[in-house]
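Residues per chain, in single letters:
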Amino acid sequence: MSANETVVRVDGLWKKYCKSLKRSAFYTLADAARGAFGLPSHADRLRKEEFWALRDINFALKRGECLGLIGPNGAGKTTLLKVLGGMIEPDRGRAEVRGRVGTLIQLGAGFHMQLTGRENIYVNGAILGMSRREIRDKLGAIVEFADIGEFIESPVKFYSSGMLVRLGFAIAIHIEPELLLIDEVLAVGDVSFRARCFERMDELRRSSCAMVFVSHAMHMVGRICEKACFLHRGCAAYLGDTDEAISRYLSAQSEVRLAEAAGKGVGMPYLVEETAFQDEAGNQVTAVECGDTLRVKGRLRCVRPLGEGFANLSIKSSEGLVCSECRSPKLDLSAISPGERMSVELRLPNLALMPGVYWLKFVLLGPSRVGYVANTDVPYQLRVKGRMDRAGVVHMPHSWSFSGAVGVAESHGSDDRMSRGAP
Amino acid sequence: MRPTTPVGSAGEHVRVYVPDRQRQLGLGVWKEMWVELIGARELIWRLAWRDIIAKYKQSVFGILWALFVPVALMLAFTFLKGAELVPIPDTEIPYPLFVFSGLLPWQLFATCLGGTTTSLTQASDLLRKANFPREVLVISKVGQAVFSFLVASIVLAGLFVYYGMAPAWTVVFYPLLLLLLATFAVGLGFGLSLLQSAVRDVGNAIGILIMVWMLLTPVVYPPSATRAGAILSLANPMSPIITTSRDLLLHGTVTMPEQLAFAAVLCLLITLVGWRMFHLLEPKIAERI
């Protein structure tokens, strides 16, 4: 097997589901009847209450590569994993998978609650395609990896959910797959176990196992995958560079939130007519680098006079965390009459935000400092460029120095400056 | 699904997933079904083993439960006949032995049928998350039934000793008949388990069906030569199977050879059709269950 070999090839893959339980049963029977007489099933067109869960997905994955699948709930990520795992059949197109497939989808599925952990290893291993001999050979390694102590001899029903995941992962990871399908399972284990899982996944990748990784933790996707696919309503909205895929997904998510927020606050005393981001030189920007200076400009129109208030800019991360709020001193607005406009500019030097997508909301607060007094349905979203392989929102200015025989193997870019020499 | 066409020199396998794949195989699908079944025999054993230990692990009486149903039924019918509440014709051999030798294979059949029917819905979690030949879930249910059968055979041996009788030499063919019986149950199970995964009513109805079927089969009464009895022994494949099993065990003759041959052909046909349907719908099970 050559190192450059393609492990997965997906060509024009479509998959549909049926929303109605009764119709679904009827369609299954109708398709079966057609199949029994050698007729093609109605796989390639939609019948009543059917919808496409996946539309025209194309990609190829070579040995050692990792593809991240990201997208909102119901975008088709798990469906795609299941097609690759052979749990469900596509309705159009084809998927080709070379070699053994390991699936980490809902670990511990199929564990029998009355049996002990050890007994379940035998059963689950067999289900995942291990031979009796193979299981016997790897039993020690599996028990050691799961690291659940004496519980291995207790019935699985006495296990905590974390222990179930440990055992499930330990079994699945020891089948030595050529393709590993991972569906948001690592979220359950404790920190030390998660670290070991990633270690083991790295090992597998070095031994040229390809991976498809579904996660909502963007920094994990950024860390593990060299390419990613942003799925949206079954379509591959973007496929390629991981950072680009993540920021597109996060932008789309923010737009959804903005759309939800739109229209709220109609009839407020002020209307935000315009918000703009500018760099130091005054050029319009939508994306900045960490450490840049950002100028936020806003124009408001008075609808109803207001006595006093505050200008306020809140910065929210794509996950909804409020990173910071910038507030003006108390303003006297009594001289502005209806129809008149005011402009405001906020300067943020040395922007200390981690790469990602942020949602900036510029409003006026009333005298009591709670409650907006301005309409806010103008979308303003800011992208901070950079590698999205780290968690967090605040970028602490920092520099590294090391002593000993340490060299830089790979430089990340501007924000990981490292000074050489003895500290 | 799960085609395993060897590609390349290293014996690596490429799986290709396309819609309506089986249609392109033609009759080659039978070969694929067979290869898949043979490849999965270890998994069948493993699942059967799992069911057996899981069932008896947490119960106080343990494997004695395997005796409970046939022994209780034997005692009940012996009482009903003895008290002349139910007019069962006299049998050549002692009635308790007669009725038990019928109940034993019937119980095997009934346990197989009940187990296979719910085998898919019981494992719905697993079906959605792992890829393996779905047939194993159905077939492995035979294991538990055979285990109970073997345990209950101890009572049969006890009855032989009690009445000072010995089984006829033809008992050596007995396992063949059990194989036919189990194959038939699995064949029905293929169809019933699929139906059960589509409509859950099947699981509720199966208990009643088994009970009525038993009453229409000469399990607790000897086969009758009347017109109704003759029709039943042709229409109901279980009738010659149970009668022949008793013949082989006790009499050393086969009283219904033609009916048995007919039943065997019918059973095998049903099993093949069931298996083919199951294989055809297999890729759809996970998403519809």
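None of these values were measured; they are calculated from a predicted model.

Asker: Describe the overall build of chain A, and please don't skip the residues or the numbers.
Answerer: Scanning chain A from N- to C-terminus turns up 8 helices and 21 strands. Buried positions account for 51% of the 423 residues belonging to chain A. Taking as baseline every contact in chain A between residues at least 6 positions apart, the subset at least 24 positions apart corresponds to 73%. On chain A, roughly 19500 Å² of surface is accessible, and the fraction owed to carbon and sulfur atoms is 52%.

Asker: Residue-level account of the overall build of chain B, with values.
Answerer: A count of helices and strands for chain B gives 13 helices and 2 strands. Taking 2.2 N^0.38 as the reference for a compact globule, 289 residues should give roughly 19 Å; the C-alpha atoms of chain B span a radius of gyration of 21 Å, in line with that estimate. Over its C-alpha atoms, taken along the principal directions, chain B stretches across nearly 70 × 45 × 40 Å. Across the 289 residues of chain B, 54% fall into the buried class. Within chain B, counting contacts between residues at least 6 apart in sequence, those at least 24 apart form 75% of the total. Accessible surface, chain B as shown: approximately 13300 Å² in total, 72% of it carbon and sulfur. Counting 21 positive and 16 negative side-chain charges, chain B places the averaged centre of each group 8 Å from the other.

Asker: Account for the interface of chain B and chain A, with residues named and values stated.
Answerer: In this complex, chain B contributes 41 residues to the contact, which on the side of chain A involves 54 residues. For chain B, the biggest contributors to the area lost against chain A are Tyr17, Lys129 and Arg288 of chain B; these three give 16% of the whole. Seen at the junction of chain B and chain A, the total is 1 salt bridge. In this structure, the salt-bridge partner of Glu89 of chain A is Lys284 of chain B, at a minimum N-O distance of 3.9 Å. Mapped onto the side of chain B that touches chain A, the elements with two or more residues apiece are strand E2 (12–17), helix H2 (41–57), helix H6 (124–129) and helix H13 (257–288) of chain B. Looking at the side of chain B that touches chain A, its residues break down into 22 nonpolar, 3 polar and 16 charged.

Asker: An account of the packing of helix H5 (residues 161–173) of chain A against helix H6 (residues 191–206) of chain A is needed here, citing residue identities and associated values.
Answerer: Between two packed helices, the angle of one axis relative to the other and the distance separating the axes together describe the packing. Residue and element names in this part refer to chain A. Here H5 crosses H6 at 10 degrees, and the two axes come no closer than 12 Å. Viewed along their axes, H5 and H6 adopt a mutual orientation that is roughly parallel. Across the interface between the two elements, Arg166, Phe169 and Ile173 from H5 touch Ser192, Phe193, Arg196, Cys197, Arg200, Met201 and Leu204 from H6.

Asker: I'd like to hear about the nonpolar core, residue by residue, with values.
Answerer: Formed by 134 residues in total, the largest nonpolar core has its most connected members in Leu180, Met201 and Phe213 of chain A together with Trp106, Phe109, Phe132 and Met238 of chain B. Grouped together as the second largest cluster of nonpolar side chains are 32 residues, Val296, Leu306, Met354 and Leu364 of chain A included.

Asker: Describe the pattern of salt bridges, and please don't skip the residues or the numbers.
Answerer: As a working rule, side chains carrying opposite charge can pair if their charged atoms are close by. Residues and elements named next belong to chain A. On inspection of all chains with the given rule, the structure shows 28 salt bridges over all chains. Here Arg63 and Glu5 are joined by a salt bridge, their closest N and O atoms 2.9 Å apart. With Arg63 in the loop between strand E2 (50–62) and strand E3 (66–70) and Glu5 in the segment before strand E1 (6–18), the pair connects residues that are 58 residues apart, well separated along the chain. Across the pair, exposure class does not vary: Arg63 and Glu5 are buried alike. For Arg347, the salt bridge identified is with Glu280, shortest N-O distance 2.8 Å. You can see Arg347 sitting in strand E16 (residues 341–348) and its partner Glu280 sitting in the loop between strand E10 (270–278) and strand E11 (287–289), a full 67 residues away along the chain.

Rules used in this analysis
- Residues numbered from 1 in each chain as written.
- Chains lettered and ligands numbered in written order.
- Predicted model: local features only at pLDDT ≥ 70, side-chain atom pairs only at ≥ 80, totals over all residues.
- Heavy atoms only, no water.
- Helix = DSSP H or I, 4+ residues; strand = E, 2+ residues; numbered from the N terminus.
- Buried < 20%, exposed > 50% of the residue type's maximum accessible area, 1.4 Å probe, protein only.
- Contact = heavy atoms within 4.5 Å.
- Areas by Shrake-Rupley, 256 points an atom, 1.4 Å probe, with all protein chains shown as cover.
- Rg over C-alpha atoms; globule rule 2.2 N^0.38 Å.
- Lys, Arg positive; Asp, Glu negative; His and termini not counted.
- Charge placed at Lys NZ, Arg CZ, Asp CG, Glu CD.
- Buried area = accessible area lost by both parts, 1.4 Å probe.
- Salt bridge = Lys/Arg side-chain N within 4 Å of Asp/Glu carboxyl O.
- Nonpolar A, V, L, I, M, F, W, Y, C, P; charged D, E, K, R; others polar.
- Axes fitted to C-alpha atoms, helices over the stretch in contact; angles between N-to-C directions.
- Parallel < 35°, antiparallel > 145°, perpendicular 65-115°, else oblique.
- Core = buried A, V, L, I, M, F, W, Y, C linked by side-chain atoms within 4.5 Å.

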